[in-house]
Amino acid sequence: MKRKLMAAATVAAMTASVAACGTGGEGSSDTLTVWLMTGSAPEPWLDELNAAFEEEHGVEVNVELQEWNGIQERVTTALSEDGTVDVLEVGNTQTPAFAATSGLADLTDLKDQLGYDAWYESTLATAEFDGRLHAAPWYTANRAVIYDKAMWEEAGAEVPTTRDEWVEALQLIEDNTDYEPIYMPGQNFYVFAGFVWDEGGDFAVEDGDGWVGTLDSPEVEAAMEFYSQLQSFSDSPTDNDEATPQQATEVIPQSEVATWIGLPWQAEAALDALAEEGRDVDYGYFPIPGKTADTLGSVFLGGSNLAVAERAGNKDMAVEWLTMATSAEWMTKFAEATPMLPNQEAALGETEEGSFLEVMGETAAYGEFFPLAPGWANVEVVPNPIKEMMTAVLDGEAHESAAGTADAELTERINRD
């Protein structure tokens, strides 16, 4: 397949060495503490990587798995202490917040060693802060449309290339079958974000030394109108999101849903759950359509970076482990073992035609991020004001009113320390 992902622009050659980072904090020279999130790294890949690292450097790697729930508070505490953690996985949209507190080591002078030029350009915005490199991109994933081929064929629907064609296909399913055309929770915030970016809008903009919410705008209103159109084909309540209930394992297996939007592991989980129900389903995948056929829809490019703690107990070896883990060799092995996109095209290899991974690779060129503000994480804390705005509009409140309320809350949160 022809990939649209672009490698980072060539940067001036730099002379780098591990010693450039220095050694700080308290820690043993023959051990390394790595924090990874549960489910991020396949166990065989991680075991092989650590065995190779230990053989080469004589340093034992202690991996401590973390849960996403409450991770921001745990990382904040760890980064304020000497020698608690050496290398850590950080959600890509969380990286600027931790870099802003000087908790992450500055890796700018190590770009050559880390392979900066090979990384996908779309991932760099989250790894850099104030013009300095504070992390290495690790993996990303984005959502795609998942459809039941048999249901679509029965309805006479074809894979769309534009938003309008997508709506027409859903209408055919509604008119010609008893299936639910699309499962679209009222608060599928990550899908909604793509529509906002398609319209040229965003959730907040910088205003002097702070940020201000921009939900009360024509662009966000247009995005909400399209979201409402799709949601009208769904039986979902307006106050559900994709995780409550879990769409892949709790909704899809118990329903006759022709279309839904999810991540690759969610598609796998749904197929497993459907099989347990005795249903043999053949899924197809296509990118979220754009407004015109020559442009795919924007998607939130979720994922993780790997960073070195500024107060690491073994900073030199932390840089060496990060370099190895994110190299083309080990990212190739990572890509073979996971449904995620690696940090560089050279590591992706061949993908099966029509697979979720192929679609995800095509779509990643249209990846976007939420505002890279240190306080953005506060916005997504429950209750998320953007989700509440979505439900309010779907329930009939005027966009201006619902968005005004949400903007006030978003602005307060994003500027909170």
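Look up: the structure comes first, before these words.
Values in this document were obtained by computation on a predicted structure and should not be read as measured data. (Residues numbered from 1 in each chain as written. Predicted model: local features only at pLDDT ≥ 70, side-chain atom pairs only at ≥ 80, totals over all residues. Heavy atoms only, no water.)

J.: Got a sec to walk through the sheet that holds strand β7 (residues 144-148)? Specific residues and values, please.
T.: One open sheet holds the 3 strands; their spatial order is β10-β7-β11, and the pairing between them is antiparallel. Of all strands in the sheet, those with a lone pairing partner are β10 (259-262) and β11 (283-286), marking the two edges. Across the sheet, the mean angle separating the axes of adjacent strands is 30° when strand polarity is ignored. Bridge count between β7 and β10: 4 bridges; the pairing is antiparallel. Opposite Val145, over in β10, you have Ile261 as the bridge partner. (Pairing = 2+ DSSP bridges. Helix = DSSP H or I, 4+ residues; strand = E, 2+ residues; numbered from the N terminus. Axes fitted to C-alpha atoms, helices over the stretch in contact; angles between N-to-C directions.)

J.: Would you mind going over the pattern of salt bridges in detail, with residue names and values included?
T.: Applying the stated criterion across every chain, the model contains 14 salt bridges. Where Lys111 meets Glu128, a salt bridge forms, and the shortest distance between an N and an O atom there is 3.9 Å. Of the two residues, Lys111 sits in helix α4 (residues 111-114) while Glu128 sits in strand β4 (residues 128-129), which places them 17 residues apart along the sequence. Given the relative accessible area of 24%, Glu128 is considered partly exposed. A salt bridge links Arg163 to Asp198; the nearest nitrogen and oxygen atoms lie 3.5 Å apart. Residue Arg163 is located in helix α7 (residues 163-176), and its partner Asp198 is located in helix α8 (residues 189-198); the two are separated by 35 residues in the primary sequence. Classification of Asp198 by relative accessible area gives buried; the value is 18%. (Salt bridge = Lys/Arg side-chain N within 4 Å of Asp/Glu carboxyl O. Buried < 20%, exposed > 50% of the residue type's maximum accessible area, 1.4 Å probe, protein only.)

J.: With reference to specific residues and values, describe the side chain of Thr238.
T.: Positionally, Thr238 belongs in the loop between α9 (218-231) and α10 (247-251). A relative accessible area of 18% places Thr238 in the buried class. There is a polar contact of 2.8 Å between the side chain of Thr238 and the side chain of Asp395. Among all residues touching Thr238, those that are not within four sequence positions of it are Gly186, Gln187, Gln231, Thr391, Leu394 and Asp395. (Polar contact = N/O pair within 3.5 Å; in protein donor to acceptor, adjacent residues only side chain to side chain. Contact = heavy atoms within 4.5 Å.)

J.: Explain the layout of surface pockets to me, using residue names and the numbers behind them.
T.: Within this model, the largest pocket holds a volume of roughly 1800 Å³. Lining the largest pocket are 49 residues, with Trp68, Asn69, Arg143, Tyr190 and Glu380 positioned closest to its centre. Within the residue set of the lining of the largest pocket, elements represented by two or more residues are α2 (71-79), β6 (136-141), α8, α10, α11 (264-276), β13 (302-308), α15 (376-379) and α16 (385-394). Looking at the lining of the largest pocket residue by residue, the class counts come to 19 nonpolar, 22 polar and 8 charged. The residue makeup of the lining of the largest pocket includes at least three contributed by each of domain 1 (2-141 + 301-357) and domain 2 (144-300 + 370-414). Of the volumes computed, that of the second largest pocket is approximately 470 Å³. Taken together, 24 residues make up the lining of the second largest pocket; nearest its centre are Ala97, Thr101, Pro374, Gly375 and Arg416. (1 Å grid on protein atoms, 1.4 Å probe; cavity = no way out; pocket = protein on both sides within 12 Å on 5 of 7 lines; lining within 4 Å. Points joined across faces, edges and corners; volume = space filled by probe spheres on them. Nonpolar A, V, L, I, M, F, W, Y, C, P; charged D, E, K, R; others polar. Domains from an automatic or database assignment.)

J.: Describe a negative patch on the surface, and please don't skip the residues or the numbers.
T.: A surface patch of negative charge is lined by Glu158, Asp164, Glu165 and Glu168. Topologically, Glu158 is positioned in the loop between α6 (149-155) and α7. (Patch = residues over 30% accessible without salt bridge, like charges linked within 9 Å, V, L, I, M, F, W, Y side chains within 5 Å. Areas by Shrake-Rupley, 256 points an atom, 1.4 Å probe, with all protein chains shown as cover. Lys, Arg positive; Asp, Glu negative; His and termini not counted. Charge placed at Lys NZ, Arg CZ, Asp CG, Glu CD.)

J.: Kindly report on empty space enclosed by the protein, identifying the contributing residues and their values.
T.: Applying the stated criterion to the full structure yields 3 cavities of 30 Å³ or more. Each pocket or cavity is described by its volume, and for the largest cavity that value is around 60 Å³. Taken together, Arg143, Tyr190, Val191, Gly194, Phe195, Ile288, Ser298, Val299 and Phe300 make up the full set of residues lining the largest cavity. Of all the secondary structure elements, the ones that give two or more residues to the lining of the largest cavity are α8 and β12 (299-300). Sorting elements by how many residues they give to the lining of the largest cavity places α8 first, with 4 residues. The residue makeup of the lining of the largest cavity, split by class, is 6 nonpolar, 2 polar and 1 charged.

J.: Break down the pairing of β6 for me, citing the residues and quoting the values.
T.: Within β6, 6 of the 6 residues are buried, which leaves it mostly tucked inside the rest of the structure. As paired strands, β6 and β13 are joined by 5 bridges and run antiparallel to one another. Paired with Ala141 across the bridge in β13 is Gly302. Relative to strand β14 (residues 341-342), β6 runs antiparallel, the two sharing 2 bridges. Each residue of the ladder has a partner; that of Tyr139, found in β14, is Pro342.

J.: Help me get a handle on the nonpolar core, residues and values and all.
T.: Among the nonpolar cores identified, the biggest contains 80 residues, and Leu32, Trp45, Leu88, Trp138, Trp260, Tyr283 and Trp321 are the most heavily contacted of them. For this core, the element with the highest residue contribution is helix α12 (residues 315-325), accounting for 7 residues. For this core, the domains that each give at least three residues are domain 1 (2-141 + 301-357) and domain 2 (144-300 + 370-414). Listed in part, the 53 residues of the second largest apolar core include Ala169, Phe226, Tyr227 and Phe370. (Core = buried A, V, L, I, M, F, W, Y, C linked by side-chain atoms within 4.5 Å.)

J.: I'd like to hear about the sheet that holds β6, residue by residue, with values.
T.: Across the sheet, 6 strands lie side by side as β2-β1-β3-β13-β6-β14; this open sheet has mixed pairing. On the outer flanks of this sheet lie β2 (60-66) and β14, each paired with one strand and no other. Sheet topology note: the strand β1 (residues 31-37)/β2 ladder contains 7 bridges and is parallel. Among the inter-strand pairings, Thr31 is bridged to a residue of β2, identified as Glu60. Against the sheet, α2 engages β1, β2 and β3 (87-91), with an angle of about 160° to β1.

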